[in-house]
Each structure stands twice: as structure tokens, then as C-alpha cells.
Amino acid sequence: MSGPSRESAFILRETRPHAPPLVPEMRLRLADEAMDLWQATEADLGRAGLPPPFWAFAWAGGQALARHVLDHPEIVRDARVLDFASGSGIVAIAAKRAGARQVVAADIDPYARAAILINAAENGVEVEAPDIDYLDQGAAGFDVVLAGDVFYERPMASRVEPFLRAAQARGAAVLFGDPGRAYLPATGIAPLASYEVPVPRTIEDR
């Protein structure tokens with residue numbers, strides 16, 4: 001019987017359970033301090049210049065989307081759901097708790113995929129976290145596509161927006177959560193709900 005993966009062992013060592021303010025019924029393995037964890041991740045892999053550990057924080061858009069899904073379970077009930085750029089897995093876990101038939105949590109960061117599986121298990125649900133880049137593959141076969149905090153930089157937004165619009169054109173319901181970042185699509189979106197989300201000043205300025 002094999003032990004935990006390198007990434008799983010790192011997450012269990014460097015994070016602790018937190019209850020996100022907007023989703024207090026959930027427990028996620030999160031970081032206490034962004035820079036310390038970032039440096040620890042680089043040390044774990046023995047190289048610098050890694051992307052930030054987005055998986056280690058409950059970002060505003062993800063918290064709001066998770067809250068909305070939990071409060072409106074009909075959105076995902078008995079559906080095949082893709083949680084794109086899943087991060088900590090907060091939205092994927094919410095979708096499974098709300099009654100989704102299948103939940104795939106997509107993230108290209110292996111630490112994120114490990115965190116998603118740990119967090120799902122600690123919340124008593126089962127989600128999939130495959131090593132697949134869905135931006136390349138597309139979201140065919142899913143009834144609902146969810147995405148939290150994906151419009152934070154221009155290169156990412158320029159790929160994500162057509163990906164989400166293509167999923168919608170194929171018949172999927174597409175919902176995303178965002179606190180109004182600079183690269184949010186300017187047209188063709190409709191607000192469904194608004195939430196006040198407390199976040200640490202170290203990771204968000206508002």
C-alpha cells in the first residue's frame with residue numbers, strides 16, 4: 001500500500017483546515033500566509049519562479065459561486081459538472097454536496113489536484129481531479145461548467161472566455177464568480193447574484 005503523494009504530503013504539512021467565511025459549513029486545507037507557502041512550494045520542488053499557490057486560498061469568486069450553488073442546488077442536481085480552474089476545490093465540493101451526479105475538478109497544478117482530493121475527502125464527498133488541460137480539450141459532455149476567479153490576468157482571460165462561451169454554445173449552463181477584476185468580459189454576461197465576501201488583504205485588495 002503506497003503512502004500519500006509528494007504533493008499530498010506537502011499540503012498536509014504546510015496547511016491547516018479553515019472554514020471559508022461565506023461557506024462556513026465547509027473545511028478546506030488552506031494557507032495562513034501566502035508568501036511563506038509560495039516559498040515552501042518552491043523549496044519542495046527545488047526551483048524558483050513557480051506560479052502562486054492559488055489552490056491554498058478561498059478566493060472571493062469561488063466562495064460566492066460555491067455559496068450560490070449550495071443555496072440553489074437545482075443548478076447542478078443530477079448534472080455532470082466541470083469546475084474549471086478548481087484551485088482548492090471549493091466550488092467542486094459545493095456542486096457535489098448540492099447533488100451533482102458527477103463532478104470533475106479541473107486544474108493544471110498538481111498541488112491543486114492533490115488539495116482538491118484532500119479537501120473533498122475531508123468534506124465527505126468524492127470528486128474527480130484528472131491531469132487534463134480542459135482549455136485544450138474543451139468541455140464537451142458536461143451539463144454545467146463552473147469557474148471561480150478566472151479573469152485575473154489578460155493571457156488567462158483571453159483563453160478562458162472563448163472556452164466558456166464554447167461550452168455554453170454546446171448547451172452547457174455556464175456560471176462564474178468574479179469580484180470585478182480588470183479582465184472580466186465586458187459584454188454577453190448577466191449577473192445572477194451578488195455577495196459580500198471577506199478576504200485577507202494579503203490576497204485581495206477589496
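Computed from a predicted model, the values in this text were never measured in an experiment.

With reference to specific residues and values, describe the overall build of the protein.
When its secondary structure is counted, the protein shows seven helices and six strands. Ordering the α and β elements of the protein from the N terminus gives α-β-β-α-α-β-α-β-α-α-β-α-β. Taking all 206 residues of the protein together, 50% fall into the buried category. Put simply, the protein shows about 10100 Å² of open surface, and 52% of that area lies on carbon and sulfur atoms.

Explain helix 5 (residues 110-122) to me, and be specific about the residues and the numbers.
For helix 5, built from 13 residues, the straight-helix expectation of 18 Å at 1.5 Å per residue is met to within 8% by its first-to-last C-alpha distance of 18 Å. Inspection of helix 5 places Y111, A112, R113, A114, A115, I116, I118, N119 and A120 among the buried residues, and these make up the whole buried set. Of the residues that open helix 5, the one with a side-chain oxygen 2.8 Å from the backbone nitrogen of Y111 is D109. Residue G124 follows helix 5 closely and has a positive phi angle near 75 degrees.

A description of the pattern of salt bridges should follow, citing residues and the corresponding values.
Under the definition given, this model contains eleven salt bridges. Between R165 and E161 there is a salt bridge whose closest N-O contact spans 2.9 Å. Placement of both R165 and E161 in helix 7 (residues 154-169) is noted, with a separation of four residues, approximately one turn of the helix. A relative accessible area of 26% places E161 in the partly exposed class.

I'd love a proper account of the side chain of R113, names of residues and values included.
Its location among the elements puts R113 in helix 5. Residue R113 is classed as buried on the basis of its relative accessible area, which comes to 13%. Not counting residues up to four positions away in its chain, the partners in contact with R113 are D107, I108, A129, P130 and D131.

Give me the lowdown on the packing of helix 1 (residues 6-14) against helix 5, citing residues and values where you can.
Running from N to C, helix 1 and helix 5 cross one another at 65 degrees; their axes reach a closest spacing of 9 Å. Classified by chirality, the crossing of helix 5 by helix 1 is right-handed. Across from R6, E7, S8, F10, I11 and L12 in helix 1, the residues of helix 5 making contact are P110, Y111, A114, A115, I118 and E122. Along the lines of polarity and charge, the residues of the contact of helix 1 with helix 5 split into eight nonpolar, one polar and three charged.

Quick one: what's the story with the packing of aromatic side chains, residue by residue and with numbers?
Ring pairs (aromatic) are described by centroid distance and by the angle formed between their planes. What the rule picks out here adds up to eight aromatic pairs. Relative to W59, the ring of F54 lies with its centre 6.1 Å away and its plane at 55 degrees, an arrangement referred to as tilted. Centroid distance Y134 to F142: 6.0 Å. Interplanar angle 70 degrees. Geometry classified as edge-to-face. Given the relative accessible area of 6%, Y134 is considered buried.

An account of helix 3 (residues 60-71) is requested, with residue identities and associated values reported.
Taking 1.5 Å of rise per residue, the twelve residues of helix 3 would be expected to cover 16 Å, and the 17 Å separating its terminal C-alpha atoms lies within 8% of that figure. Every buried residue of helix 3 is accounted for by A60, G61, G62, Q63, A64, L65, A66, R67, H68, V69 and L70. Buried-residue contacts for helix 3 involve helix 4 (90-97), strand 5 (144-148) and strand 6 (173-177).

With reference to specific residues and values, describe the pairing of strand 5.
Burial analysis of strand 5 places five of its five residues in the buried class, which makes it a mostly covered element. Taking every second residue as pointing to the same face, both faces of strand 5 are buried, with V144, L146 and G148 on one and V145 and A147 on the other. Where strand 3 (residues 80-84) lies against strand 5, four bridges are found, and the strand directions are parallel. Directly across from L82, in strand 5, lies its bridge partner V145. With five bridges joining them, strand 5 and strand 6 adopt parallel strand pairing. Following the sheet pairing, G148 is matched in strand 6 by G177. Of the crossover connections in this fold, the one passing from strand 5 over helix 7 to the parallel strand 6 is right-handed.

Thresholds, definitions, all that
Along each chain, residues carry numbers from 1 onward, in the same order as the chain's sequence is written. Residues qualify for local features only when their pLDDT is at least 70, as the model is predicted, and side-chain atom pairs are given and counted only at 80 or more; totals for whole chains, interfaces and linings, by contrast, use all residues. The side-chain values count all of the structure's non-hydrogen atoms but skip hydrogen atoms and water molecules. Secondary structure counts use DSSP, requiring at least four H or I residues in a row for a helix and at least two E residues in a row for a strand, with both numbered from the N terminus. Burial classes follow relative accessibility: with a 1.4 Å probe on protein chains only, a residue under 20% of its type's maximum area counts as buried, one over 50% as exposed, and anything between as partly exposed. Every accessible area reported is derived by Shrake-Rupley at a probe size of 1.4 Å, with residue values counting cover from the shown protein chains alone. How far a helix is expected to stretch is found by multiplying one less than its residue total by 1.5 Å. Contacts described as polar in this section are N or O atom pairs within 3.5 Å, which, within protein, must combine one atom able to donate a hydrogen with one able to accept it, while residues neighboring in sequence count only if both atoms come from side chains. Put simply, a salt bridge is a Lys or Arg side-chain nitrogen that is within 4 Å of an Asp or Glu carboxyl oxygen. By definition, residues are in contact when any of their heavy atoms lie within 4.5 Å. Here, axes are lines fitted to C-alpha atoms. For helices the fit covers the stretch in contact, and angles between N-to-C directions go from 0 to 180 degrees. For any helix crossing, the convention is left-handed if the near helix is rotated counterclockwise from the far helix by under a right angle, and right-handed if that rotation is clockwise. Under this grouping Gly is polar, as are all residues other than the nonpolar Ala, Val, Leu, Ile, Met, Phe, Trp, Tyr, Cys and Pro and the charged Asp, Glu, Lys and Arg. Ring geometry is summarised as follows: Phe, Tyr and Trp rings, the Trp one being its six-membered ring, pair when their centres sit within 6.5 Å, and such pairs are stacked at plane angles under 30 degrees, edge-to-face over 60 and tilted between the two. Here, any two strands with at least 2 DSSP bridges between them count as paired. A crossover counts as right-handed when, viewed with the strands pointing away from the observer, the path leading from the first strand over the helix to the second turns clockwise.

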